[in-house]
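# A look at the structure
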Amino acid sequence: PLTEYIVNHRYRCVNTLRSVIFLRPESDQGSLPIFNSPTLKMRSTMRCALFFIHLLVSSIATAVTVASFPNTEIVLDMARLSYAVYHLRKKVSSCDSLIYNDTTKNGTQQELPSDVFKRLLPNETSCLYYNHDYSLGRQVLIVRNTAKNYVAVAYAGTDDWRTALSDGEILTEAFGPRPSDNNTNVPSIGGKHGGNISSIFDSVPSKVRVHSGFNNDVFANAGFSTVLQCVSSGRHGGNCDGKKTDNNIQTTQPYRLYTTGHSLGAASSVILGAALHLTYPSEKIQSVNFGCPKQGNLEWSAWIDTLQPNYNPSHPGSGLVDHRGTFEMFRFVNKIDLVPRLPDPLYFQHAGHTLQMSTGGNVKAYYDHIGNGDLDFAGVPYGWGAAPYVFLPGAIASHMCTHYLDYLHDYLPNTTSYVVNFELVDNNTRSDDEINPPDDKAYSIE
């Protein structure tokens, strides 16, 4: 009855509270039918007050549930994994094998593989899979944390000439594997996709294009099918490479999935996160990455928006049906780091939320990077894209993975997360992408 009343009398509720606030004369109030007696007047006022309280509570609830910001411990774990994967290639060739067969090299005792991972990985974290594909320069690490109940996939960034070539492939292509990538041996996921990897990507809009180098880093040389098989086993308590399942691991619920990386590895983690979402559309998946460059065109950015739990079908330029997804992306940007401003601002776009790390530990969250007027959330401020060019040495230094890790350690927040809400719209500012709309006709392979 209360709900029906406030819907049918919402305009009277506005006038009722206005009369109370501004102390309108009784003669002005008497023209309203709801003031036929003091009792009715009191009842109407209370009902209307409850109506406005309901609106206030609803708006607060909406703000809280717009995004599930990763907590501090998860962010630190992802940063540490992004750092660790850089330092494995000179130490190990897999989770349980050293690069050198001998335990000594040049008379110096080497660490055992277990010691290497214990030193580099977060506590309670074990290696499920590690591989360095020398032909691509790709390094991928898959781990499981039993204390925090997650399986995470981490990619290394640019650290040799091969990965630099991946960065330089600025042409775009359709998101997903090429026929030549040999991603054919795919596990059956809930009775779906078994042996047919292409069916996973059937729902991707045809105009979605991504950076070909980043796409190649995930899918080439059967990269995705290998990762998917390991993730499929690991999230249920199993292991990879045919190892026996550890019976001590609890598997009542699948482990939550995270993807992470730094620089090129960050972009690869985004590509993989979207692919895992298509594989497990009902599972909550987050990509928490650092220093991530732009990954694709405007359609890519709009499509990624639709995969989020808070997707708003009225988002400008989306043109897509309403779909409440389960994939969230949080891109940490350290100060004036140059790489997140690359490549070409006239075509490539960011997807997901930007978490700007500023001097003094102030982290600001920008919804979908460009904001959302319907939700009253701001995009990155005007001049964000040009800021690194004021002082290029500082912009390049800001990109170092160690600087991200140091910042996150040095500025641990008092709350459970580095950020708790998005920045709100300031009508006096506009984002770079609003002022310079992208040109979607460039850099396409087809």
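Right above here is the structure, for reference.
Summarised in this report is the structure supplied together with it. Not measured: the values here are computed from a predicted model.

Bringing helix α11 (residues 298-306) into the picture now. Of all the 9 residues making up α11, 7 are buried; the element is thus mostly covered by neighbouring parts of the structure. The complete set of buried residues in α11 reads Trp300, Ser301, Ala302, Trp303, Ile304, Asp305 and Thr306. On its buried side, α11 packs onto β9 (209-211), α10 (264-279) and β12 (327-334).

Our next topic: the pairing of strand β13 (residues 353-358). Most of β13 is tucked away: 5 of the 6 residues are buried. Bridge count for β13 against strand β14 (residues 362-366) is 5 bridges, and the pairing is antiparallel. Note that in β14 the partner of serine 358 across the bridge is asparagine 362. Linking β13 back to β14 in an antiparallel pair, the connection comprises 3 residues, with glycine 360 at a positive phi of about 90 degrees.

The topology assignment puts aspartate 337 in the loop between β12 and β13. Despite its burial, aspartate 337 remains without a salt bridge, the nearest opposite charge being carried by arginine 341 at 5.9 Å. At a separation of 3.1 Å, a polar atom in the side chain of aspartate 337 contacts the main-chain amide nitrogen of valine 339. In terms of polar contacts, aspartate 337 uses its side chain to reach the side chain of tyrosine 404, at 2.5 Å. Apart from the residues within four sequence positions on either side, aspartate 337 is in contact with Gly291, Pro388, Ala395, Ser398, His399 and Tyr404.

Pairing between side chains of opposite charge can happen when the charged atoms of each approach one another. Here the structure, examined in full by the defined rule, presents 4 salt bridges. Its salt-bridge partner being arginine 138, residue aspartate 133 comes within 3.4 Å of it at the nearest N-O pair. Of the two residues, aspartate 133 and arginine 138, both sit in the buried class. For glutamate 283, the salt bridge goes to arginine 235, with nearest N and O atoms at 3.2 Å. A residue pair is termed long-range when its members are at least 10 positions apart, and glutamate 283 in the loop between α10 and β11 (285-290) and arginine 235 in the loop between α9 (223-234) and β10 (256-261) qualify at 48 residues. Relative accessible area serves as the criterion here: at 3%, arginine 235 is assigned to the buried category.

What follows concerns the packing of α10 against α11. Their axes nearest at 12 Å, the elements α10 and α11 cross at an angle of 50 degrees. Classified by the angle their axes make, α10 and α11 are oblique. Between α10 and α11 the crossing geometry is left-handed. Here Val270, Ile271, Ala274 and Leu278 of α10 lie close against α11, whose contacting residues are Trp300, Trp303 and Ile304. Here the contact of α10 with α11 is built from residues that sort into 7 nonpolar, no polar and no charged.

Look at α9 against α10: their axes get within 12 Å of each other, and the N-to-C directions meet at 60 degrees. As the angle between them shows, α9 and α10 are arranged oblique. Between α9 and α10 lies a crossing whose hand is right-handed. Each of Phe224, Val227 and Leu228 in α9 lies in contact with α10, whose residues at this interface are Leu272, Ala275, Leu276 and Thr279. Split by residue class, the contact of α9 with α10 holds 6 nonpolar, 1 polar and no charged.

For the rest of this paragraph, the subject is the packing of aromatic side chains. Inspection of every chain in the model, using the stated rule, returns 19 aromatic pairs. With centroids separated by 6.4 Å and ring planes inclined at 85 degrees, the aromatic side chains of phenylalanine 332 and tyrosine 418 adopt a geometry described as edge-to-face. Taken together, the residues span a long stretch of sequence, with phenylalanine 332 in strand β12 and tyrosine 418 in the loop between α13 (401-410) and α14 (432-435) at a distance of 86 residues. Here phenylalanine 332 matches tyrosine 418 in class, with each residue buried. Between the aromatic rings of tyrosine 367 and phenylalanine 422, the centroid separation amounts to 5.2 Å while the plane-to-plane angle is 85 degrees, which identifies the pairing as edge-to-face. Note that tyrosine 367 is positioned in the loop between β14 and α12 (392-397) and phenylalanine 422 in the loop between α13 and α14, a separation of 55 residues in sequence.

Here is the idea: a disulfide is a covalent bond, and it sits between the sulfur atoms of two cysteines. Tallying each qualifying case throughout the model produces 2 disulfides. Each disulfide pairs two cysteine sulfurs, and for cysteine 95 the partner residue is cysteine 127, the sulfurs being separated by 1.9 Å. Across the S-S bond of cysteine 95 and cysteine 127 the torsion is about -60 degrees, and the bridge reads as left-handed. Remark: cysteine 127 occurs in strand β5 (residues 125-133) and cysteine 95 occurs in the loop between β1 (92-94) and β2 (97-98); sequence separation between them is 32 residues. Note on cysteine 95: relative accessible area 11%, which makes it buried. The residue that forms a disulfide with cysteine 230 is cysteine 240, at a sulfur-sulfur distance of 1.7 Å. When the S-S torsion is 75 degrees, as for the bridge of cysteine 230 with cysteine 240, the disulfide is right-handed.

Here is what the cut-offs are and how they apply
- All residue numbers refer to position in the chain's written sequence, counted from 1.
- At least 70 in pLDDT is required for a residue's local features to be given in this predicted model, at least 80 for side-chain atom pairs to be given and counted, and no such filter applies to totals for whole chains, interfaces and linings, which use all residues.
- Computation of side-chain values: all heavy atoms of the structure, hydrogens and water removed.
- Burial classification: accessible surface area is computed with a 1.4 Å probe over protein chains only, and a residue below 20% of its type maximum counts as buried, one above 50% as exposed, and the rest as partly exposed.
- What counts as a helix is a DSSP run of H or I of at least four residues, what counts as a strand is a run of E of at least two, and both are numbered from the N terminus.
- Working rule for contacts: check all heavy atoms of both residues, and any pair within 4.5 Å makes them a contact.
- A pair of strands is considered paired only if DSSP assigns at least 2 bridges between the two.
- Asp and Glu count as negative and Lys and Arg as positive, but His and the ends of the chain are not part of the count.
- Every case where a carboxyl oxygen of Asp or Glu lies within 4 Å of a side-chain nitrogen of Lys or Arg is listed as a salt bridge.
- A 3.5 Å cut-off defines polar contacts: any pair of N or O atoms within that distance qualifies, except that in protein one atom must be a possible hydrogen donor and the other a possible acceptor, and neighbouring residues in sequence count only when both atoms are side-chain atoms.
- For helices, the fitted line uses only the C-alpha atoms of the stretch in contact; every axis is such a line through C-alpha atoms, and the angle between N-to-C directions lies from 0 to 180 degrees.
- The labels follow the angle: roughly parallel below 35 degrees, roughly antiparallel above 145, roughly perpendicular from 65 to 115, and oblique for the rest.
- The sense of a crossing depends on the near helix, which, turned anticlockwise from the far helix by less than a right angle, makes the crossing left-handed and, turned clockwise, makes it right-handed.
- Polar here means any residue other than Ala, Val, Leu, Ile, Met, Phe, Trp, Tyr, Cys and Pro, which are nonpolar, and Asp, Glu, Lys and Arg, which are charged; Gly is therefore polar.
- Centres within 6.5 Å are what make two rings of Phe, Tyr or Trp a pair, Trp counting through its six-membered ring; a difference in plane orientation under 30 degrees is then read as stacked, over 60 as edge-to-face, and the rest as tilted.
- The criterion for a disulfide is a pair of cysteine sulfur atoms lying within 2.5 Å.

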